[in-house]
Amino acid sequence: MDFKQLEAFVAVVDYGSFSEAARRLYLTQPTISSHIRALEKELSVKLIIRTTKKITVTAKGYQLYDSAARMLHIRDNLLEDFTESRKRMIDLGVSTIPSSYLLPELLASFGKQCPDVYFHALQSDSAGAIEKVLDGSVDLSLVGQNTGDETCRFIPFCQDHLVIAAPVTAHYLSMTEKKVTFQDFLKDPMIIREKGSGTKKEMDLFLEKIGISPSELNVVARMNDLESIKQSIVNGLGISVLSARSAADLEKTNQLLLFPLDEMVHNRSFYIVYSKNRILKPHVRRFIRFVQDFYKEQE
């Protein structure tokens, strides 16, 4: 149960119509219906009886309505109290690298233009952030991979490239003096991201293109947390394939050495993703345009 589902249910009861609830919440009727079904499934009770002519709220439905309306009212009051104004909210899913290395500068700049917009950001890997778009729990997500899901729109907004990150040792320092390929690192201990990461997906595509099986890698650890991977490299556990943006800070302080991958996969994109079945609120559309323009100006 989440606020999106409760908002949909309360709106249907308030307006007596799925179509009007959808219009008021900038959602499609199928999305409203999906939220109601999810609530009914979770609570194991029928909340609304819908016919071709009218809807009828059940006794349990009215019981939930009273509690849900109070919860939404409390949420709105808390938001107003803590932000000192009534702000418009954007529920934002975000994967690891955009969350840590893109979102801070995006939100700081957007906040100067639109101080009345409040963000509720949920971090996960790329697969999880896309799933949040699909189940309607967020308005949009910023992710590191395009899954090709036909119910979503993926808009590239920022370019990056993958690198091999290695500890600062005599062995790897000597490799900076010559041209190296991925094969030169094949026998070295490797730390890799778990499945679901956009970086892991890009690495798999790279290995496929150069004809190397993942089983040929000398994998010493699999980790989900990017910061743990970076610190493990610094401390000499092994090397890893990372986003250049995520490793730039440690390269600047001479804690990591970065080696570019082959040019054919040098670039990778980060994407804005949202559901094609969702009607985006005006301030959400404005944020999408802002994100697209923000990195165009930096090119």
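Scoring rules and cut-offs
Residues numbered from 1 in each chain as written. Predicted model: local features only at pLDDT ≥ 70, side-chain atom pairs only at ≥ 80, totals over all residues. Heavy atoms only, no water. Helix = DSSP H or I, 4+ residues; strand = E, 2+ residues; numbered from the N terminus. Buried < 20%, exposed > 50% of the residue type's maximum accessible area, 1.4 Å probe, protein only. Contact = heavy atoms within 4.5 Å. Areas by Shrake-Rupley, 256 points an atom, 1.4 Å probe, with all protein chains shown as cover. Lys, Arg positive; Asp, Glu negative; His and termini not counted. Charge placed at Lys NZ, Arg CZ, Asp CG, Glu CD. Pairing = 2+ DSSP bridges. Axes fitted to C-alpha atoms, helices over the stretch in contact; angles between N-to-C directions. Phe/Tyr/Trp six-rings, centres within 6.5 Å; stacked < 30°, edge-to-face > 60°. Core = buried A, V, L, I, M, F, W, Y, C linked by side-chain atoms within 4.5 Å.

### So, the overall build of the chain
Right, on to step 1. Broken down by element type, the chain carries 11 helices and 12 strands.
Right, on to step 2. Expressed along its principal axes, the backbone C-alpha trace of the chain runs to roughly 75 × 40 × 30 Å.
Right, on to step 3. Counting only residues that meet the buried cut, the chain has 48% of its 299 residues in that class.
Right, on to step 4. Residue pairs at least 24 apart in sequence account for 75% of intrachain contacts in the chain once pairs closer than 6 positions are excluded.
Right, on to step 5. Summing over all exposed atoms, the chain offers an accessible surface of approximately 15500 Å²; the carbon and sulfur share of this is 50%.
Right, on to step 6. Here the chain carries 38 positive and 38 negative side-chain charges, and the mean point of each set is 7 Å from the other.

### Notes on the sheet that holds strand S11 (residues 256-260)
Right, on to step 1. Pairing in this open sheet of 3 strands is antiparallel, and the strands run S10-S7-S11 from one edge to the other. Every interior strand has two partners, whereas the edge strands, strand S10 (240-243) and S11, have only one. If you compare each strand with its neighbour and ignore which way they point, the axes differ by 45 degrees on average.
Right, on to step 2. Bridge count for strand S7 (residues 162-167) against S10 is 4 bridges, and the pairing is antiparallel. Across the sheet, the residue bridging to Val163 is Leu242, located in S10.
Right, on to step 3. Where helix H9 (residues 226-234) meets the sheet, its contacts fall on S7, S10 and S11, and the angle it forms with S10 comes to roughly 130 degrees.
Right, on to step 4. Against the sheet, helix H10 (residues 244-252) touches S7, S10 and S11, its axis set at about 100 degrees to S10.

### Quick look at the sheet that holds strand S12 (residues 268-275)
Right, on to step 1. One open sheet holds the 5 strands; their spatial order is S4-S3-S5-S12-S6, and the pairing between them is mixed. Two strands lie at the open edges of the sheet, namely strand S4 (117-123) and strand S6 (152-160), each paired on one side alone. Within the sheet, the average angular offset between the axes of one strand and its neighbour, ignoring direction, is 25 degrees.
Right, on to step 2. As judged from the 7 bridges shared by strand S3 (residues 88-94) and S4, these two strands associate in the parallel manner. In the strand pairing of S4, Arg88 is matched with Val117.

### Structural notes on the packing of aromatic side chains
Right, on to step 1. For the coordinates displayed, the defined rule picks out 11 aromatic pairs.
Right, on to step 2. On the basis of an interplanar angle of 5 degrees and a centroid distance of 6.3 Å, the ring pair of Tyr172 and Phe185 is categorised as stacked. Of this pair, Tyr172 sits in helix H7 (residues 170-175) while Phe185 sits in the loop between H7 and strand S8 (189-193), placing them 13 residues apart in sequence.
Right, on to step 3. The buried category is assigned to Tyr172, whose relative accessible area is 7%.
Right, on to step 4. Here a set of aromatic residues connected by ring pairs shows up, and it is made of Phe110, Phe119, Phe157, Phe287, Phe290, Phe294 and Tyr295.

### Description of the nonpolar core
Right, on to step 1. Ranked by size, the top nonpolar core spans 41 residues in total, and within it Leu140 and Phe157 carry the most contacts.
Right, on to step 2. The contact partners of Phe157, leaving out residues within four places of it in the chain, are Leu102, Leu142, Phe270, Tyr271, Ile272, Val291, Gln292 and Tyr295.

Remember that the coordinates give geometry; whether it matters functionally is a separate question.
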